Amino acid sequence: MAIEILQTDDQYVLNHCTKFLARDNTDPRHNFGQLSDDDPRSRISEAWRFPIIDSYSDGSDFVKSYSSNVVTFVYQQPGATPPKNVAVIGTFANLYEPIPLKSVNFVGEPTGYYALSIIVPKGQFHTYKFMVLQYLLC
């Protein structure tokens, strides 16, 4: 199954999701105050808001474009050491072919976030998982 990857700039990703990714999950107003720093759930950045789903337009055929959405997957690096590779697999493509995410930068510096935007027909339900390679084994 072929998918169409949409090239988005870093500003697009940051404008759509920074206010959600930047929240401190230990803030008691968001019911995460009970989680300790070593609990993996404390690193969740309101995952229910992702992936980002946006309307799509190819700029020429609005009727044809209306039947598709732009879906942007965002992965947050949990530690200080950047992963070697971040990819996504899902039912929207061949499950055995990971699709790499690109690093999101701000003012030329890495942010610790990785993103990928694809075009998906409206009305479809898909599942996905991130594949993260932390170390290269020789």
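In the block above lies the structure referred to throughout.
Residues numbered from 1 in each chain as written. Predicted model: local features only at pLDDT ≥ 70, side-chain atom pairs only at ≥ 80, totals over all residues. Heavy atoms only, no water.

### Topic: the sheet that holds strand β8 (residues 128–133)
Logical step 1: Pairing is antiparallel in the open sheet, where three strands are placed in the order β5-β4-β8. Looking along the sheet, the strands with just one partner apiece sit at the ends: β5 (99–100) and β8.
Logical step 2: Bridge count between strand β4 (residues 85–90) and β8: six bridges; the pairing is antiparallel. By the bridge assignment for β8, Val 86 is matched with Val 132. (Pairing = 2+ DSSP bridges. Helix = DSSP H or I, 4+ residues; strand = E, 2+ residues; numbered from the N terminus.)

### Some remarks on the side chain of Asp 10
Logical step 1: Tracing the backbone shows Asp 10 in helix α1 (residues 10–21).
Logical step 2: Beyond its immediate chain neighbours, meaning those up to four positions away, Asp 10 contacts Lys 102, Ser 103, Val 104 and Asn 105. (Contact = heavy atoms within 4.5 Å.)

### A look at the packing of aromatic side chains
Logical step 1: Counting across every chain of the model gives four aromatic pairs.
Logical step 2: Following the ring pairs from residue to residue traces out a cluster consisting of Phe 73, Tyr 75, Phe 92, Tyr 128 and Phe 130.
Logical step 3: A cation over a ring is seen here: Lys 122 above Tyr 66, with NZ or CZ 3.6 Å from the ring centre. (Phe/Tyr/Trp six-rings, centres within 6.5 Å; stacked < 30°, edge-to-face > 60°. Lys NZ or Arg CZ within 6 Å of the ring centre and 35° of its normal.)

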